[in-house]
Amino acid sequence: MKKSLQHIYSHFLLSQENVREIMDAHDEVNITKGDILLSEGQIAAAYYIVEEGLVRAYVNGLDGSEITTEFFIENEIVIIPSSLFQKIPSVENVQAVTDCTLFKIDYEKFQELFHRQEGLREWGRAWFSYQLFTMKQRSLDMITETASARYLKLMKDKPEIIRQAPLKHIATYLGITDTSLSRIRKEITAK
């Protein structure tokens, strides 16, 4: 176990001793499908790393529907940065899509390590830069790519989501209806 932690904290400026200390600051958490890690209105006090399973973030639409904003797969960090670092209430909910094994680190533990380990600060800058790039690319894809192209990209980049998430969550993540997603899947299968 803890392969996800080793993967996440792999950075040339983090020594083995640094990584061991960071890993020791995490607690293993097992959650069940449907469990909520963070509710809208709560302030995040920790972030998680997915060892096994699938987690999603979602918002409640104006009509009361759930709109998936992000999926988190194995070896990814489950985080709502604005809530965790700015200490503001989250507008998103975070929920287990499947049974999951996660590693949790509390904000205070992370901050203590972050201020003490130069390598962790550099790791954090690199991680946030990558996240910013990824978010910008997803925003552009939602505008410039067809729904079919977005689905195919998701199939290629994160097939775990296609295998494990309900179609209604995938559809809202792609910005389309369940009916449109079913049609796209039929077209792809027919090819």
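Up top is the structure these notes are about.
First things first, this report covers the structure right here in the doc. Not measured: the values here are computed from a predicted model.

## Let's talk about the overall build of the protein chain
Here comes step 1: Tallying secondary structure elements over the protein chain gives nine helices and eight strands in all.
Here comes step 2: For 191 residues, the compact-globule estimate of 2.2 N^0.38 gives 16 Å, and the C-alpha radius of gyration of the protein chain, at 18 Å, lies within 12% of that figure.
Here comes step 3: Seen along its three principal axes, the alpha-carbon backbone of the protein chain occupies a region of about 55 × 35 × 30 Å.
Here comes step 4: Looking at the protein chain as a whole, 42% of its 191 residues are labelled buried.
Here comes step 5: Pairs at least 24 residues apart make up 70% of the contacts formed inside the protein chain by residues separated by at least 6 positions.

## Concerning the pairing of strand β4 (residues 55-60)
Here comes step 1: Note: β4 against strand β5 (residues 66-72), six bridges, orientation antiparallel. Residue Asn60 lies in a different strand from β5, and its bridge partner there is Glu66.

## Quick word on the sheet that holds strand β2 (residues 36-38)
Picture the strands of a sheet paired through backbone hydrogen bonds; they go either parallel or antiparallel.
Here comes step 1: Read across the sheet, four strands follow the order β2-β7-β4-β5 without closing on themselves; strand pairing throughout is antiparallel. Of all strands in the sheet, those bounded by a partner on one side alone are β2 and β5. When the angles between neighbouring strand axes are averaged without regard to direction, this sheet yields 30°.
Here comes step 2: Sitting on the sheet, helix α8 (residues 167-174) is in contact with β4 and β5, with an inclination near 90° to β5.

## Describing the environment of Val50
Here comes step 1: Looking at the secondary structure, you find Val50 in strand β3 (residues 46-52).
Here comes step 2: Take Val50: its relative accessible area is 0%, and that puts it in the buried class.
Here comes step 3: If we ignore the near neighbours within four places in the chain, the residues touching Val50 are Ser4, Val55, Phe72, Ile73, Glu74, Asn75, Glu76, Val78, Thr101 and Leu102.

## Some thoughts on the sheet that holds strand β8 (residues 100-106)
Here comes step 1: Read from one edge of the open sheet, four strands run β1-β8-β3-β6, paired in antiparallel fashion. Edge positions in the sheet fall to β1 (27-31) and β6 (77-78), since each has one partner strand and no second.
Here comes step 2: Pairing geometry for β1 and β8, over five bridges, is antiparallel. Of the residues in β8, the one forming a bridge with Asp27 is Lys104.
Here comes step 3: Along the sheet, helix α4 (residues 107-116) contacts β1, β3 and β8; its crossing angle with β8, the most-contacted strand, is approximately 60°.

Calculation notes
Residues numbered from 1 in each chain as written. Predicted model: local features only at pLDDT ≥ 70, side-chain atom pairs only at ≥ 80, totals over all residues. Heavy atoms only, no water. Helix = DSSP H or I, 4+ residues; strand = E, 2+ residues; numbered from the N terminus. Rg over C-alpha atoms; globule rule 2.2 N^0.38 Å. Buried < 20%, exposed > 50% of the residue type's maximum accessible area, 1.4 Å probe, protein only. Contact = heavy atoms within 4.5 Å. Pairing = 2+ DSSP bridges. Axes fitted to C-alpha atoms, helices over the stretch in contact; angles between N-to-C directions.

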